[in-house]
Structures are given as structure tokens and as C-alpha cells.
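# Coordinates in review
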There are 2 protein chains.
Amino acid sequence: MTDLTSVLHAKAIDLGRLAIRATTEAGSGHPTTALSLTHLVTVLMYRVMRWAPADPANPGSDRLVLSEGHAVPILYAACTDLGVAIGPDGNRRAMTEYDLMTLREIGSPIDGHPNPVLGFPFFDAATGSLGQGLSVAAGLSCAARLDGVPKRIFCLIGDGESREGQIWEAMDFCADHRLGGVVAIFNCNTLGQSDYVSSAQDWEHLAAKAAAFGARTEIIDGHDPAAIEHALRIEDDSRPLAVIARTVKGWGVPSLGGPGHHGTPVKPEALSGVLVELDETARRLGVTDIGAQDFATLKIAPPAAAPAPRAAPHAPISFGAALARNPASASASAKKLSPRRAYGMALAALGDANDAVVALDADVKNSTYAETFAKAHPDRYFEARIAEQNMVSAAAGLAAAGKIAFVSTFGRFLERAFDQIEMAIIGGARIKLVGTHIGVTLAADGPSQMALADVAFTRALAHAKDARGRSLVVLTPSDAVSAFNLILAMAAYDGPAYLRAVRGDLPILYREDESFPLRGYKVVRSVEAPAVVLAASGYLVHSCLEAAAVLEQRGVAAAVVDAYALPLDAGPILEMARHTGAAILAVEDNYVGGLGSELAEASAALVAPVTVASLGVRRLPKSGRAAADVLDYVGLSVPQIATAAERLARSPGEATTANR
Amino acid sequence: MTDLTSVLHAKAIDLGRLAIRATTEAGSGHPTTALSLTHLVTVLMYRVMRWAPADPANPGSDRLVLSEGHAVPILYAACTDLGVAIGPDGNRRAMTEYDLMTLREIGSPIDGHPNPVLGFPFFDAATGSLGQGLSVAAGLSCAARLDGVPKRIFCLIGDGESREGQIWEAMDFCADHRLGGVVAIFNCNTLGQSDYVSSAQDWEHLAAKAAAFGARTEIIDGHDPAAIEHALRIEDDSRPLAVIARTVKGWGVPSLGGPGHHGTPVKPEALSGVLVELDETARRLGVTDIGAQDFATLKIAPPAAAPAPRAAPHAPISFGAALARNPASASASAKKLSPRRAYGMALAALGDANDAVVALDADVKNSTYAETFAKAHPDRYFEARIAEQNMVSAAAGLAAAGKIAFVSTFGRFLERAFDQIEMAIIGGARIKLVGTHIGVTLAADGPSQMALADVAFTRALAHAKDARGRSLVVLTPSDAVSAFNLILAMAAYDGPAYLRAVRGDLPILYREDESFPLRGYKVVRSVEAPAVVLAASGYLVHSCLEAAAVLEQRGVAAAVVDAYALPLDAGPILEMARHTGAAILAVEDNYVGGLGSELAEASAALVAPVTVASLGVRRLPKSGRAAADVLDYVGLSVPQIATAAERLARSPGEATTANR
């Protein structure tokens, strides 16, 4: 018998065998989860998806996002069987069983969880922290629509995993944007790591939830090839499809069934017995005689035609031209403008110049000024509503599909998506993050709205290079010109970046044509022989300039540096201070772990360190009606800066506790 | 006419008037959102809730969690009208209109968003970052059940806010734990900040979603007092109640209706006109003649009897006793044990000694060893499944109700809840976080599972004191004894704490009776005249001891410090180095922003800084089959540590780029 169902069963069993062997070889991994997906993956990759194993990143191909990343051995097995192209850009090869058996080796691209950046272009995003894949799929689907490619994006989600709220954020997003190309497949194998999943995640509840969230739902036996294929071929232009697949964890291997087998590879000594169980399953299904000739009947449909090449991007207009064009901004005095308004102007300018630029925002586009772009390019603006986690992962999906995806919300609310930001960076996504309303000058709204811990977190990632030597760049511009130009630089940067924009208007500091390297700084007040060097970013550069004027009257010469970028090129700044025996005072409107740490670390590592003191936020702020009230409360007012700087200049070593 | 409905309308209008006046006085705030809640709040606080304005923290009273924190002026208005007790512990006073008019002032407890720690005990948690309140309510309900108090916990949630996935995580949790005392009230006023809410958040979809998530649902007119009261009085022992209230943003003031009025106070010059509109509304409803006598008929039902006092806690058993009692641990060699196993033992011991100790875990209790507690105290263990955000906020609710709430999962997955952790800390919640499987030695599973940015984030919070002078303590124990004793110390600490536990077994370093102050450190290798001081925490203390032995053979004297706590008492460590002209090498298995920053900042701030170099994770890790492979990959193997230390000892200033 060589009916299609039998061929698919036989293939599924073959893939299961490979997945088991690979995890045993690796000594870790999740073979039982992999087995629960074996039919779903087989039908997807050999029957339903339109794609090309030799060209897995083909822009016309359907995509598969494995949200439950730990199940990856079953995908690796299929990629091995199909000889999917792997390896670094420009040096691809067909994946072999040898590659598969390097699973989780330090030198291997066959990582423990999916990760495209290590040389596995079949994947679009790193997964493994649960609940993020459907958002990535949504982003890929948005990109496909923009490109006019009729792609379908399949996403495999664990039942236990569907407890993560982000899954439902993604469902809402798919419904809002009528992403009919998205197919969410829930792998209902009933078992989590430590126990059975809750009844809240059983197939009936999941189907009811998906329907309530606007999806078309299909409930199937996830080990019935015909039922799977039937369900997956349902297409709907306007609604996402949710396939609720009832599966068996450890399918085909009775001894691996039930609780207690999560994340445990088969021991080498037990391997042959387990493979015999799979043989028994093949016998039971009557598929032992399926061979290469039968498998050859499985023909993979090719990708759709790739999108027509986009119009070549041109250089975006300058700050001055954008200002002239923007009625709201032009009506403001050109001498004072908020960096967030500059963000809106720059984003719109980028959008004019390059079709690949897209933007997302979380119901604050009128505060972040993403609406400037949304109005100019409504087709490339994706309103993500109040769901930051989905927004960031969807942006990672858009970026994976070649878009230059900007994401904006209050900096504080990006914290909701720190996990998603880290996963995007792990996967090599070149996302462009913009956090507005940063720091304590937000004042009246209080600490629940103030980004203060974002610098420490993002600086940590900024010092961790990815496989291609890139890392996150963190930018806090001090005026609208630098904000505008840095947004352009972020778009041009082949890596992830985060720009922080304060709410208030700031005086223009720079000439329109001033260039801002992504890792640069500017000396904005140079004095002959500084007794103290004030280093700051954002609006605090202006505070430091004011403090320096106060200091001058007190006979203390102070230089001021606009350290707008992290990582910082600290060497020359330290050298400037050392040259005249000056101390450095880092002034920052955030919790520890930012500019002060950056300079202190660079200094302390020297044979003869320069004194670096730091003035930052050392207490939880609260509401105050005026920015000045809260600045005073946390110790960052101009007089407080001047006092700390003077004390440091006159007697270094005492100023460090100025605002503790 | 003095029927109840009219009285409630009149009261609602009075509260609306106060909320409008307060936000105008403050010059910021969200009066229109407040107005959409005016009837719901009136019926809740004057009719349905059992509580005592003079004793808002009464342990027998029903609770109200305002998830959409920005609507708080309407609650403040009610608290003003009722003279709710405010002010610091031990110095409460009845809230007056004078207090209300200090809304958002720097010296006022009437903050921009709800915050109990500033002196507003009516609240249980800080809210304002959206989507967290229902989880807090769930935690409060769990605590009430443990205390045997028939409390109801009401939670007001915005329709736009319900887009946050955490709301649905909380719904699942309520269903799982049959929290019939929880009442989720969705305020469907149809308007977000920048636009109308999505149809995915309209009242019909919300009702369908809540039902699919297992709640009993009621749909009402949110401005009909009788309908509100009828719905809110429905009690169900086993299922949460979801009340879908259709409301009007800017209710009662036609000129504030429709889009464009979010977060905008009425300008002083427009105030009288707006108040006239409210008068018109009162006239239209025929309630202009309702007066004090009528309002006096609104009697608030008193709280339930407070729970019987708990058995007095006794001292938990010692590490040795716990080890002897724990079969799994005892079967392991007592000379080597993982800190996470010590966590389980300590948690169970704490549970035996103190009924207030509770625990939550996110489907990894068999990995974190929270299961040791879960088995010993099943009634006090709350399985949170794979939904970390809800878990942390629910723990904040439990903590607010007086429980000592431990939360555990992989350290990497706590990152999913960084926003919730910060909100818990802002609100003064004494949550106890435990993150296991930290750092790169997790190896095979790869970076999606490795906590590496957690140190930078939590250290930032650890340096920010709250209104009571407390802050987060971050602990990374180097053996099972210190892990056990630090867990006990965390439980005793009147503030938030985070303990990081590596997966692997570690040799026992300390005697069972060694004491571990929460801000201490230990010199574990003392040498006469160190040429280098190695500072580390966790398993790296052992690596440093090995490296020191290697260094000794090379003629380099190295001291080793177990710097298990952040913030660190860095002074004596710097002094130890300075004493012999030694340099310090901080060795840490995390991204920048941890121990290296802590020591560098302390050193650089000195007049004559000590050289501090840092060896940490400066590239994104990937899978490796053995811990050694990944340690080598990131530059943290023992030979690499020894080489960096030797270079530093012989020629400080060159070792700093050792693993960049």
C-alpha cells in the first residue's frame, strides 16, 4: 500500500527516528515534544508549504515559525531529510545527517533552539522563550501583504505555551489586521514540563478562546495526515486560522508516553529499544514497506514568485526640510523642539525615501509622534494597541522579512517587552526601538510611566556582540537635530538600535548638517583646563551646560560632553579629564547601570584611573506637578548638579554620595 | 424623589465633580476616564464592598484594585468624600478635600497613579503600567482563601487595557484556582488614548473572551446603578465573575465626549462650564435636590471578621536538619548540592515554620525545586503555569495581604516579568524572587534559556530606595549552605529580594552555621599580599578558587572574594586591594552591569581609584553540549580567568579586553 496517508506516516516515523537519535547524541533536548509534532511537521513541510529546501529564505516561500522552540529536533530532522540549505550567508550547504548529529555542539549552527543568525535561514526568528512565535508570524504576514506575496505563515504553538498572554495579544493583532495568511497550530499534547497542562489549555478551551479572539477554528487529530492536510489547506482572506491539533507527547513510543518525559533525551543504552518501539508503530500502521520510491511522490510545491523589486531607496530629506514640511513642527519655534517630534519627522522622511520602512506603535502614536508616519504611510503603519510584547515580536517578524521596522511607545512600556527585545537580538533581528517620555521629567504621571531601568538593561545587551559582531546601540539625543539624524543613522545601521526621547521640548544644540556616528559623542562645552568634566545625555546636557555656567561664576572650569551613545567611546573623554587632572561627573536621569557605569568601568580598568563620580536616580521617584519638583526630589536639578560638580572639582571622592 | 438610584446618580455626579476639579488643580491627569467609572466606583464603594473607610487596610474588608491606574482621580474623589484614612503607618488621618487638591504634588501621598507605599493603604499595589491589576486581585483572593476570610476582590480594567495579554493570563489563573471571589469589571468606554479601541476589545468580544476563559459573564450599562449593583452582587464560589460594563468616556459632560480627550485635564478657564454641564446632567436625571440627608442613607457594610491570628512562626530548621529530612538531597553527597535544591529545602523549612509563607512557580517546579514546598504545603502552593507576568503580579497581591510570597522560575523567564517586578517594587511589595538555571553553564539549551541580563536590570532597582528606605537585594550564592541561609534571610527581610541559583551541583563551601548578611560578602581565599583580588559570585567563586591555585603555581598571589550580594559593600574589598597595590578582577557570568560595574563605580569614585578589570559575558552565547564549551566560548573558563588575572597582576590595564 502506497497511499499518501501511509507515505506520510512512514515519513513521520522516519523523522521521529532522526529526532530521537539526534537528541540522544546531543545528550539533551526534547524528543517527546518533537514526536508530538511529527505528523504536523511532515504534512506542513512535505505537502502544504510552498517553499524550496535549497533556498529556505526565498522571499516567495511560505514560512514556518516554531513558537515552542524546544520541539526543534523534529524540524531539524525534516531539514536533514530534505537537505535544507544551512550555513553562513554566502556559504550555504545542504544539511546532512552529520550536521544533525552535531545538534547543540558549540561549533554547530544546529542550536538547542531555533536561531537564524547562527546559519539556519529556514528560521525567521530565535524562539525558545515561549509565547512569542505567533507575533513573529503576524509580522511576517504583514510584510508579505506589503510585498504583495500570497504567503502563508504557519506557527506551531504548544498547549502549555498558550498560557502566555502574548499568544492572545498576537491573536488580537491578527484579527485587527485581518491577517488571513496566519495559521496558528496548537499542539495539544496535554503535557507541560512538570505536570499535565491546565484544563484551561485543553483543546476545547483553546478552540473556544481562539474563536472568541476572532480566528476561524478547526479541531483535528494531529496524527491523522489527511485531517491535518485538510485543515491546513483551508484558506481565508480575512481571518487567521487556528488549528487545534490533538496530539500525543512521545507519539509512536509507548514507553515515552505520559508525564515525566519532558526535556529528557533517550539514554544511549535505551535507544535501540525505543527505535524498536517506533518500528512497532510502523508495523501497526502497516507502513513498513514504504521506501524511497514512495517518498519520491512527496512533491513540495515551489514558492510563489518573489515580489517585484522595490523602488531603490533615496536619501531622506534633511532636518530643515522636514521641519519646513511639518506644519505642527514648523509652527513651533525651530529653536526648541522635542526629540519625539523629531522622531515623527525623521520616520516620515525615511518612509518617503524607502518603501521598506514600517512602523508600529502601541496606542500612543499621538504622544510618540509615530502618527506623523502613520498619516503619511498608512499602509506601512501597524497599530499594535496596548500590547507591547506582541508589538516587539511582530517587528522582529517584519525585520526578518527585510523591513526596517520601527517600534515606538513610552520607554517605560518597552520594559514590558524586554524578553521579546532580547529574543529579537538573539535572533539577529535589526529592530529599531524608540522609547519616549523617558526619565523623571515626566513628573506628574509618576514612576509607573517613567523609563529609568531601561538604560541598565539595554546597556547590558549593547555590550554583547552577536555572531556577526553586531550589538544593540543605545541613543539618547539632546536635541531635535541629533534625534532626527540619529533616527536616520539607526535606519541605516545593519543591527538593532534603541533611541530614547524625552517628552519635553529642548533647545536646538546642533547645526542641521552635524553628523552623529552611532558610537560617538560631542564636546559641547570646551574649556582650556577643566577642573571637572560633566558627561550627560538628553536634556541633562542642557542642565549640565547651565550648571557649567554656574560653576564658571564660582571659578570652576567645567567641560560638558554630550555622551549620546552607549556603548561609549570613553577613552578620549577620560583622556580629556586626565590631561588636566580633572574628575568626571556622569549625570544621568536613570537608575544605575548607564553612563556612570560606562565611564567608571572604562576608567577603573586603567592602570591609573581617573576619578568618575555619578549623579543619577537613587530613589524611586513619585509624582510631582513640575519637572523641577521631581528633579529636586531625586537630586538632579541644576543647582544640585553644580554643587556636586564643584565638590568633586575641589575635593574629589566626596561628591559620589551627593544624591544617595 | 430619594430612591436609591437617584441618590447614587447624585453621588456619582458629586464624585465626578471632585475628580474634574482635582485634575484641573493638578494640571494633569485623566478626568474623562475617571468619569466613565463614576457609577461603577460609587456603587462599589458605597453599596457593594464590605469595608471601613477609617480602616482601609482592614484584613476582613473587600478590596478594590484599579488596574487602569490612570483613572484614579475618581477613587480619590470617593476616598475624599468618605474620609478614608491616609498617611504613613502609625500616623493616619482622614482624607480631606485639601488632600485631594494636592493631587500629584511632590509632597503628597495622592500620587498620579495608585501607590500604597506613599501612604494610601486603600490600595494594595501600585498600578499604572497596564494589565497587571487582575493578577494582583487574584493574589489577594488566594490570600483571602488561605485566611478563611470570605473577601471579594473587585478589579476595574479598561477596555483598551484588556489588550494586554496578562489580563488573560490572570483569567486563566482565576479559573484554575477557582477564585470565585474575583470580580473583573471591564470598563468599556470604547476609547483608548490615540483612537477608539479595536473591535477586538468591544463589549461583545470581551464578553465572549471572558466566557471562553472560564468566567461567568454579565453585560450591563455601566451608568445604571441598579444594573451595576445587581451584577456585582452575583456571587459564585468557583468561578470568577466578569462584568462587562458599557460606559461613556467623559460621562455627564458632553463637551468631553468622543476622541481627543484622553489624559487631558479641563483647563482652569473651562472648569466652570464643565461643572455646569454636570449640573445639567443632574437636572436631566432629576437628582438636583438630593442632599446630605439622602446621602446618609448610603450605608457601607462593614468588613468581615478578620482572620484568626496565625500560629506564631518559629525558627526554621537548619540546613543540616533540612538535608537529613530531604531524601533526595540526603541521597546526594552532602558535599555537593545545587543551590536550587537548597532553595526547595529552605522554602519547605520556612513553610513548616511560618504559615504566612506561600510559593508560586511557572510549570518548572521540578526544576526549581519549588516542588519540595508544593508537596509539603500543597494548600500554600499556587501553580501559575507558563505565565510569568501573572505569577509575579499575583505574588505582589499575596504579599500585599501579608504573605511571604516566593516566586520561582528560570532566571531567564523572570525577564518576562521585569515590568511587573518593577511595579511590585514601586508599590512596596515584599516579593521574594528566585531565578534558577542562571548563566551560560546551562550550555546545551542556548541563550533563550540563560539569565544574563537579569543582573544589570535588578542591580538598577537595587540602588533605588523606596519611600521607606528599602530596596531590592540581589543574591547569587556560591553553595547550598549560603543559598539555604540566604533564602531564610530573604524571608525575614522586610523588602523585596531576588536570589539567583545556578542549575548545577556545587561543592559546599561554608559551615552550616555561617551567617550571611543580606549585604555582605566573604573572603574565601585570603593571602598575605595579594597581587590580584578575584571577586565573583555563584559557581564562579569555585572557578576563581581554582584559578587562584593555578596562579599560585605561577607565583601570583590571588585572594578570592565571594561577592554574593548586590548592592555590595565594596569599600573593604577595594581597601584590601589598595593595601598591597593589587588590582581587582571581577568575574561574572552575565552581561555588563553587575559585579564589575559595582566595583568599578565604587573604585572610580575614589580620589585614588584601584584598578578594577572585569571578565564577563561580552558576546551572545549559543548552545554547547558541555558547560565547559560555552564557558570557553565566552571566555570564562578557569584557564581564561587565570590568564586574565595574571596579566592584570603583572601589567594592569591590559587585561580588561581579555574577553571582548
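Residues numbered from 1 in each chain as written. Chains lettered and ligands numbered in written order. Predicted model: local features only at pLDDT ≥ 70, side-chain atom pairs only at ≥ 80, totals over all residues. Heavy atoms only, no water.

Scanning chain A from N- to C-terminus turns up 26 helices and 21 strands. Computed over its C-alpha atoms, the radius of gyration of chain A comes to 28 Å, within 12% of the 26 Å expected for a compact globule of 660 residues. Each of the three principal axes of chain A carries a C-alpha extent, and together these read 95 × 55 × 45 Å. In chain A, which comprises 660 residues, the proportion classed as buried is 68%. When contacts within chain A are restricted to residue pairs at least 6 apart in sequence, those whose partners lie at least 24 apart make up 77%. Working note: accessible area of chain A is about 19500 Å², and carbon and sulfur atoms make up 52% of it. The averaged location of the 70 negative side-chain charges in chain A is 4 Å from the averaged location of its 58 positive side-chain charges. (Helix = DSSP H or I, 4+ residues; strand = E, 2+ residues; numbered from the N terminus. Rg over C-alpha atoms; globule rule 2.2 N^0.38 Å. Buried < 20%, exposed > 50% of the residue type's maximum accessible area, 1.4 Å probe, protein only. Contact = heavy atoms within 4.5 Å. Areas by Shrake-Rupley, 256 points an atom, 1.4 Å probe, with all protein chains shown as cover. Lys, Arg positive; Asp, Glu negative; His and termini not counted. Charge placed at Lys NZ, Arg CZ, Asp CG, Glu CD.)

This paragraph deals with helix α9 (residues 225-232) of chain A. Residues and elements named next belong to chain A. The buried fraction of α9 amounts to six of the eight residues, a majority that puts the element mostly inside the structure. All of the buried residues along α9 are P225, A227, I228, E229, A231 and L232. The secondary structure elements touched by the buried residues of α9 are α1 (4-26), α3 (38-48), β4 (153-158), β5 (182-188), β6 (216-221) and β7 (241-246). With a side-chain oxygen lying 3.1 Å from the backbone nitrogen of A226, the N-terminal cap of α9 falls on D224. (Polar contact = N/O pair within 3.5 Å; in protein donor to acceptor, adjacent residues only side chain to side chain.)

This part takes up the sheet that holds β4(A). Residue and element names in this part refer to chain A. Here five strands make up an open sheet; going across it, the order is β1-β4-β5-β7-β6 and the pairing parallel. Strands with a single pairing partner mark the edges of an open sheet, and in this sheet they are β1 (63-66) and β6. Strand-to-strand twist across the sheet, computed as the mean angle between neighbouring axes with direction ignored, equals 20 degrees. The sheet strands contacting helix α6 (residues 133-147) are β1, β4 and β5, and the helix crosses β4 at an angle near 175 degrees. (Pairing = 2+ DSSP bridges. Axes fitted to C-alpha atoms, helices over the stretch in contact; angles between N-to-C directions.)

Quick look at the interface of chain A and chain B now. In this complex, chain A contributes 114 residues to the contact, which on the side of chain B involves 114 residues. The junction of chain A with chain B conceals about 9200 Å² of combined surface from both sides, 50% of it contributed by carbon and sulfur atoms. Three residues, A:R163, A:R416 and A:R625, lead the burial of chain A against chain B; their summed loss comes to 10% of the area buried on that side. One can count 20 salt bridges joining chain A with chain B. Note that A:D419 and B:R416 form a salt bridge whose closest N and O atoms lie 2.9 Å from each other. In this structure, the connection of chain A to chain B is made through 82 residue pairs in polar contact (both at pLDDT 80 or more). (Buried area = accessible area lost by both parts, 1.4 Å probe. Salt bridge = Lys/Arg side-chain N within 4 Å of Asp/Glu carboxyl O.)

What follows is about the pattern of salt bridges. Using the criterion set out here, one finds 84 salt bridges over all chains in the structure. Between B:E280 and B:R283 there is a salt bridge whose closest N-O contact spans 3.4 Å. Of the two residues, B:E280 and B:R283 both sit in helix α10 (residues 268-285), three residues apart, roughly one turn of that helix. The exposure class assigned to B:E280 is partly exposed, which follows from its relative accessible area of 43%. Relative accessible area serves as the criterion here: at 48%, B:R283 is assigned to the partly exposed category. Two residues, B:D355 and B:R380, come together in a salt bridge whose shortest N-O distance is 3.7 Å. In this pair, B:D355 is assigned in the loop between α14 (339-353) and β9 (357-361) and B:R380 in the loop between α16 (370-376) and β10 (381-383), connecting sequence segments 25 residues apart. In this structure B:R380 comes out as buried when scored by relative accessible area, which is 8%. Among the charged side chains, a network of salt bridges with common partners joins A:E164, A:D419, A:E422, B:R412, B:E415 and B:R416.

For the match of chain A to chain B, the screw axis carries a shift of 0.0 Å, the RMSD comes to 0.0 Å, and the turn is 180 degrees. The symmetry that links the two subunits is that of a two-fold axis. Within chain A, the C-alpha atom positioned nearest to the axis of rotation is that of A:G165, 1.8 Å from it. Comparing contact sets, 100% of the residues at the interface of chain A also lie at the interface in chain B, consistent with an isologous, same-surface contact. (Least-squares fit on C-alpha atoms with pLDDT ≥ 70 in both.)

Evaluated as defined, the whole model comprises 31 aromatic pairs over all chains. With 6.1 Å between their ring centres and 70 degrees between their planes, B:Y76 and B:F123 make a pair best called edge-to-face. Separated by 47 residues along the polypeptide, B:Y76 in helix α4 (residues 72-82) and B:F123 in the loop between α5 (97-100) and α6 (133-147) bring together distant segments of the chain. Across the pair, B:F123 and B:Y76 agree in class, each one buried. Summarising the aromatic geometry, the rings of B:F516 and B:Y564 are spaced 5.5 Å apart at their centres and angled 70 degrees between planes, so their arrangement reads as edge-to-face. Of this pair, B:F516 sits in the loop between β15 (506-507) and β16 (522-525) while B:Y564 is found in the loop between β18 (558-562) and β19 (565-566), placing the two residues 48 residues apart along the sequence. The buried category is assigned to B:F516, whose relative accessible area is 6%. The exposure class of B:Y564 is buried, given its relative accessible area of 1%. It is A:K209 that lies over the ring of B:F213; its NZ or CZ is 4.1 Å from the centre. Over the aromatic face of B:F295 sits the side chain of B:K11, whose NZ or CZ is 3.9 Å from the ring centroid. (Phe/Tyr/Trp six-rings, centres within 6.5 Å; stacked < 30°, edge-to-face > 60°. Lys NZ or Arg CZ within 6 Å of the ring centre and 35° of its normal.)

Another point: unusual backbone geometry. The phi torsion of most residues other than glycine is negative, and most of the peptide bonds are trans. For the peptide bond that leads from A:L566 to A:P567, omega is -5 degrees, which places it in the cis range. For A:D363, which is not glycine, the phi torsion reads 60 degrees and is therefore positive. Judged by its relative accessible area of 7%, A:D363 falls in the buried class. With a phi close to 55 degrees, B:H437 is a non-glycine residue in the positive phi region. For B:H437, the location among the structural elements is in the loop between β12 (432-436) and α20 (454-462). A residue is classified by how much of its surface remains accessible, and B:H437, at 3% relative accessible area, is buried.

Here the focus is the state of the cysteines. Per the stated rule, a full pass over the model turns up zero disulfides over all chains. The structure places no disulfide on A:C188, whose sulfur is separated from the nearest cysteine sulfur, that of A:C155, by 13 Å. Free of any disulfide, B:C155 has its nearest neighbouring cysteine sulfur in B:C174, separated by 8.9 Å. Judged by its relative accessible area of 0%, B:C155 is buried. (Disulfide = S-S within 2.5 Å.)

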